[in-house]
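The primary structure of each chain is shown beneath.
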Amino acid sequence: MGCGTSSSTKDRKSEKALKAALVIQNWYRGYSARLKARQRYALTIFQSIEYADEQGQLQLSNFFSFMLENYTQIHEKDPELVARLFGRTLQDSKDRQEYVSFVDVPDSYNGPRLQFPLTFTDIDLLVEAFKQQQILHAHYVLEVLFETKRVLKQMPNFTQVKTSPTKEITICGDLHGKLDDLFLIFYKNGLPSGSNSYIFNGDFVDRGKHSMEILMILFVSFLVYPNDLHLNRGNHEDFMMNLRYGFTKEILHKYKLHGKKILQILEDVYTWLPIGTIIDNEILVIHGGISESTDLNLLHRIERHKMKSVLMPPISIDEDQDTDLKKTKTGANVVPREGKTNESPSEQLPKHEWEQVVTVFSASNYYEEGSNRGAYIKLCCDMTPRFFQYQVTRATCLRPLYQRVNTMESSAIRILKERMLSRKTDLIRAFQLQDRSKSGKLSMGQWAFSMENTLGLNLPWRSLSPHLVTTDKNGNINYMSTFQDIHIQKPVKEAQSTLIETLYRYRSDLQIIFNVIDSDHSGLISMEEFRAMWKLFNSHYSIHIEDFQVDELAERMDLNKDGSIDFNEFLKAFYVVHKLEKLNKSDANLL
Amino acid sequence: MADDKEREELVVAEYHRKIKEAFEVFDHEANNTVDVREIGTIIRSLGCCPSEGELHDLIAEVEEEEPTGYIRYEKFLPVMTEVLLERRYRPIPEDTLLRAFEVLDSSKRGFLTREELIKYMTEEGEPFSQEEMEEMLSAAVDPESNSIHYKDYIAMMVVDES
């Protein structure tokens with residue numbers, strides 16, 4: 001059969017090579033799949049925790065309603081307090097002059113200088129300046145904010161937009177302060193102009209580090225092209241959300257002198273942002289989507305600027321405080337104050353029937369580098385919408401998959417552990433309930449059950465367990481092992497650990513509440529305010545901490561003994577120490 | 001006898017929960033179905049290493065009579081439980097993997113060139129797609145020598161997985 005030995009050696013050789021290749025391919029595919037699964041698990045952790053936090057906001061919102069209902073009691077003790085909370089309105093033109101003219105731009109300022117009335121050159125100017133990490137001077141920020149408010153006030157709740165075969169419209173979703181994503185969109189799709197329309201569907205700010213820059217570019221573009229750049233209000237265009245999710249901090253950090261002024265005016269500007277955009281009378285673009293009970297007719301009529309915050313019931317306190325309160329006592333939900341509330345059915349327009357819902361999200365790497373792509377939609381008349389996806393990356397070439405997965409995974413596990421820590425007492429109680437023999441061990445099933453029930457997170461606990469706990473050789477879980485290398489840094493040595501844990505758990509809500517009380521953004525609240533607020537909070541959230549314990553803690557936090565508490569410092573002191581990791585400065589500011 | 005049965009029931013119950021967890025993570029619409037293209041990932045995330053051919057056969061077992069592009073949990077669970085109980089598709093041990101590389105490295109240099117790896121992975125066995133090839137190269141190639149030092153590579157991957 002031909003060359004005998006040599007051909008069979010060749011055959012054997014190639015057979016060996018074939019087998020070897022199969023082995024490597026098989027192994028690699030398994031490895032790659034496990035990487036992708038880990039990436040998915042990390043994403044699931046981020047999403048579950050985010051969702052749980054949103055549910056937590058409901059509790060805060062109920063707290064404010066609760067406060068409003070119990071207003072009369074507080075009213076007697078501190079009439080100033082609730083007025084401050086609910087009556088934050090600005091007078092108009094008088095303030096504008098005051099605010100802007102008192103803010104000088106020094107000659108030494110090297111940043112972008114805007115020229116009013118604004119033109120497209122100002123848009124270019126801002127984009128270039130921000131690419132070079134420059135900061136827009138407070139004077140211009142204030143001017144832009146005042147001017148934006150003036151124009152927004154004239155707009156109805158819903159902007160009507162028409163497309164044509166020669167004029168498409170681009171719809172972008174959440175940006176959350178990720179300036180690089182906005183730049184990428186402009187790079188791929190062009191800057192906004194008379195022939196390049198955009199809708200930005202809310203959540204421009206919070207979480208990312210360049211919320212101010214995004215806001216400025218969007219507002220300036222809006223002022224230059226008011227008929228082609230459309231902005232919808234998102235739930236993060238809200239002064240309370242900003243307190244919790246980072247924009248307030250960004251402003252106070254970048255604008256140390258004038259930050260407070262900016263915050264006050266911004267609060268107002270938000271309320272004038274339109275609720276949504278309607279395209280060709282057929283397509284509704286609105287942040288947060290719709291439900292079965294969404295009634296467009298109602299939304300067209302409400303006074304949108306009365307909605308200060310998604311967490312607060314809409315109410316305005318004028319001179320005539322008591323009368324207002326009596327009117328709205330029964331319901332703190334969205335109710336049009338003026339206009340027809342009780343129309344006869346025949347006068348109402350038919351309810352809308354919606355065919356399809358599309359969600360668009362424009363912040364890539366939202367949770368962590370590599371977590372997700374972003375997208376925008378291009379729409380035109382009767383044509384099918386086109387979707388464009390992208391992902392921002394710092395490097396010129398993508399890092400290997402295993403590195404990207406490792407980054408995401410460690411980040412996700414970290415926040416999950418911190419979550420566990422903030423519920424440590426409840427978790428231990430749940431574990432011990434099942435650990436009859438007090439062995440310190442539970443079966444995988446028991447541990448997973450306790451975790452899921454206590455934390456309220458629907459996660460793949462079995463797959464995640466190697467990252468969270470140690471197991472013995474029988475496969476049983478040492479349930480206390482999670483808490484061995486992680487603890488909350490105590491701001492004050494003597495404070496009891498349950499108190500610390502509670503304060504750590506509710507730190508975001510407390511931060512919002514205290515910041516809201518501190519309406520002049522001084523960073524300080526009085527001891528009485530602190531006590532009053534804590535009592536209310538205590539009763540509403542059903543927390544089992546004795547008043548005197550908090551009082552003691554507060555006294556200790558009043559470092560200069562002048563009767564006021566620097567609550568930001570107070571809350572900043574609560575951060576988690578991961579013993580096995582080096583603590584980054586930025587992590588300490590997770591609050 | 002009764003004890004053994006009880007033990008097996010417990011094992012099966014745990015397998016069920018494990019499979020459910022892995023499945024749910026890919027069930028994006030929360031309706032007990034996953035895209036058929038993710039089945040391979042799910043099966044491999046449970047510790048099994050079927051070849052592409054074996055994966056094809058498994059998919060055929062769990063697909064609907066008229067393929068919809070989605071796999072339902074009710075069909076997946078029993079098949080996957082069997083696979084786990086029978087300990088099918090066991091993963092490749094580290095030394096087998098090392099020997100495979102050594103076979104391809106016929107002159108025993110301790111490395112493979114980029115071109116050699118590409119040739120073997122895309123022309124032999126169950127060939128890689130371009131995406132798979134690029135993905136493997138991005139982690140395996142040493143940029144200075146433009147070659148794959150497979151011993152180091154394997155060691156790194158093993159550490160990463162533990």
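Every value quoted in this text rests on a predicted model; they were computed, and no experiment measured them.

## Points about the overall build of chain A
Inference 1: For chain A, the helix and strand inventory stands at 23 helices and 15 strands.
Inference 2: Residue burial in chain A is summarised as follows: out of 591 residues, 53% are buried.
Inference 3: Across chain A, the fraction of contacts at a sequence separation of at least 24, relative to all contacts at a separation of at least 6, is 76%.
Inference 4: Element-wise, carbon and sulfur atoms account for 51% of the exposed surface of chain A, whose accessible area totals about 29400 Å².

## Describing the pairing of strand 8 (residues 386–390) of chain A
All names here are of chain A.
Inference 1: Across five bridges, strand 7 (residues 374–379) lies against strand 8 in antiparallel orientation. Paired with isoleucine 377 across the two strands is phenylalanine 387, which belongs to strand 8.
Inference 2: Count of turn residues in the strand 7/strand 8 antiparallel hairpin: six residues, of which cysteine 381 carries a positive phi of about 40 degrees.

## Considering the nonpolar core
Inference 1: Formed by 61 residues in total, the largest nonpolar core has its most connected members in Leu416, Trp447, Met451, Trp461 and Leu468 of chain A together with Phe76 and Met80 of chain B.
Inference 2: It is helix 1 (residues 5–69) of chain A that provides the largest number of residues to this core, a total of eight residues.
Inference 3: When neighbours within four sequence positions are excluded, leucine 468 of chain A is seen to be in contact with Ile413, Leu416, Lys417, Met420, Trp447, Met451, Trp461 and Thr482 of chain A.
Inference 4: One finds Phe130, Leu152, Met212 and Leu231 of chain A within the second-largest nonpolar core, a separate group that totals 59 residues.

## Let's talk about the sheet that holds strand 2 (residues 169–172) of chain A
The strands making up a sheet associate through backbone hydrogen bonding, with each pair oriented either parallel or antiparallel.
All names here are of chain A.
Inference 1: Strand order across the open sheet formed by five strands is 4-3-2-7-8, with mixed pairing between neighbours. Strand pairing shows two members of the sheet lacking a second neighbour, strand 4 (229–231) and strand 8, which therefore form its edges. Sheet twist, expressed as the mean angle between neighbouring strand axes with direction ignored, is 20 degrees.
Inference 2: As defined by bridge partners, strand 2 adjoins strand 3 (residues 197–200) across four bridges and the pair is classed as parallel. Directly across from cysteine 172, in strand 3, lies its bridge partner phenylalanine 200.
Inference 3: Helix-sheet contacts for helix 8 (residues 211–224) involve strand 3 and strand 4, and the interaxial angle to strand 4 is about 125 degrees.

## Focus on the sheet that holds strand 1 (residues 158–161) of chain A
Residues and elements named next belong to chain A.
Inference 1: Strands sit in the order 1-5-6 across an open sheet of three strands; the sheet is mixed. This sheet does not close on itself; its edge strands, each paired only once, are strand 1 and strand 6 (283–286). Here the strands of the sheet are splayed against their neighbours by 20 degrees on average, with no regard to which way each runs.
Inference 2: Looking at chain direction, strand 5 (residues 276–279) and strand 6 are connected through four bridges and run antiparallel. By the bridge assignment, threonine 277 is partnered in strand 6 with valine 285.

## Some points on the interface of chain B and chain A
A common measure of how large an interface is: the accessible area buried when the components associate.
Inference 1: On the chain A side, the residues contacting the 41 residues of chain B number 37 residues.
Inference 2: Taken over both partners, the interface formed by chain B and chain A buries close to 3600 Å², and the fraction arising from carbon and sulfur atoms is 63%.
Inference 3: One can count five salt bridges joining chain B with chain A.
Inference 4: The shortest N-O distance in the salt bridge between glutamate 52 of chain B and arginine 29 of chain A comes to 3.8 Å.

## Describing the UniProt feature "domain: EF-hand" (unreviewed entry) in chain B
Residue and element names in this part refer to chain B.
Inference 1: UniProt's entry tags residues 14–49 and 92–127 with the feature "domain: EF-hand" (unreviewed entry), counted in the numbering of this structure.
Inference 2: Helix makes up 53% of residues 14–49 and strand 8%, and the two end C-alpha atoms of the span are 20 Å apart.
Inference 3: Taken end to end, residues 92–127 has its terminal C-alpha atoms 18 Å apart, with 58% of it in helix and 6% in strand.

## A closer look at helix 10 (residues 247–254) of chain A
Residue and element names in this part refer to chain A.
Inference 1: Taken as a whole, helix 10 has its buried residues at Phe247, Thr248, Glu250, Ile251 and Lys254. Buried positions in helix 10, seen along its axis, are confined to an arc of 160 degrees and lie on one side of it.
Inference 2: Elements that come into contact with the buried residues of helix 10 comprise helix 8, helix 9 (239–245) and helix 11 (259–272).

## Here we look at the environment of valine 103 of chain A
Residues and elements named next belong to chain A.
Inference 1: On the secondary structure map, valine 103 appears in the loop between helix 4 (93–101) and helix 5 (120–131).
Inference 2: Classification of valine 103 by relative accessible area gives buried; the value is 0%.
Inference 3: Along the primary structure valine 103 and histidine 139 are separated by 36 residues, whereas in three dimensions their C-alpha atoms are 5.5 Å apart.
Inference 4: Here valine 103 is in contact with His137, Ala138, His139, Leu142, His258 and Lys261, once residues within four sequence places are set aside.

## A short note on the confidence of the model for chain B
Inference 1: On average, residues of chain B carry a pLDDT of 92, and 99% of them reach 70 or more.
Inference 2: Predicted as a complex, the structure gets a pTM of 0.82 and an ipTM equal to 0.94.

## Remarks on the packing of aromatic side chains
Residues and elements named next belong to chain A.
Inference 1: Throughout the structure, instances matching the rule amount to 18 aromatic pairs over all chains.
Inference 2: Here tyrosine 198 and phenylalanine 200 contribute two aromatic rings whose centre-to-centre distance is 5.5 Å and whose plane-to-plane angle is 15 degrees, an arrangement assigned as stacked. Judged on exposure class, the residue tyrosine 198 and its partner phenylalanine 200 are both buried.
Inference 3: The interplanar angle of 15 degrees and the centroid separation of 5.2 Å between the aromatic rings of tyrosine 376 and phenylalanine 388 together place this pair among those described as stacked. You can see tyrosine 376 sitting in strand 7 and its partner phenylalanine 388 sitting in strand 8, a full 12 residues away along the chain.
Inference 4: Judged by relative accessible area, tyrosine 376 falls into the buried class, the value being 2%.

## Topic: helix 3 (residues 52–62) of chain B
All names here are of chain B.
Inference 1: Those residues of helix 3 not exposed but buried are Leu55, Leu58, Ile59 and Val62. Angularly, the buried residues of helix 3 cover 100 degrees about the axis, an arc narrow enough to put them on a single face. Exposed and facing more than 90 degrees away from the buried side of helix 3 are His56, Asp57 and Ala60.
Inference 2: Where helix 3 is buried, its residues touch helix 2 (39–45), strand 2 (70–72) and helix 4 (73–85).

So, how was this worked out
- Residues numbered from 1 in each chain as written.
- Chains lettered and ligands numbered in written order.
- Predicted model: local features only at pLDDT ≥ 70, side-chain atom pairs only at ≥ 80, totals over all residues.
- Heavy atoms only, no water.
- Helix = DSSP H or I, 4+ residues; strand = E, 2+ residues; numbered from the N terminus.
- Buried < 20%, exposed > 50% of the residue type's maximum accessible area, 1.4 Å probe, protein only.
- Contact = heavy atoms within 4.5 Å.
- Areas by Shrake-Rupley, 256 points an atom, 1.4 Å probe, with all protein chains shown as cover.
- Pairing = 2+ DSSP bridges.
- Core = buried A, V, L, I, M, F, W, Y, C linked by side-chain atoms within 4.5 Å.
- Axes fitted to C-alpha atoms, helices over the stretch in contact; angles between N-to-C directions.
- Buried area = accessible area lost by both parts, 1.4 Å probe.
- Salt bridge = Lys/Arg side-chain N within 4 Å of Asp/Glu carboxyl O.
- UniProt positions renumbered as here; feature names shortened; annotations may be inferred.
- Arc of directions from axis to C-beta.
- pLDDT = per-residue confidence, 0-100.
- Phe/Tyr/Trp six-rings, centres within 6.5 Å; stacked < 30°, edge-to-face > 60°.

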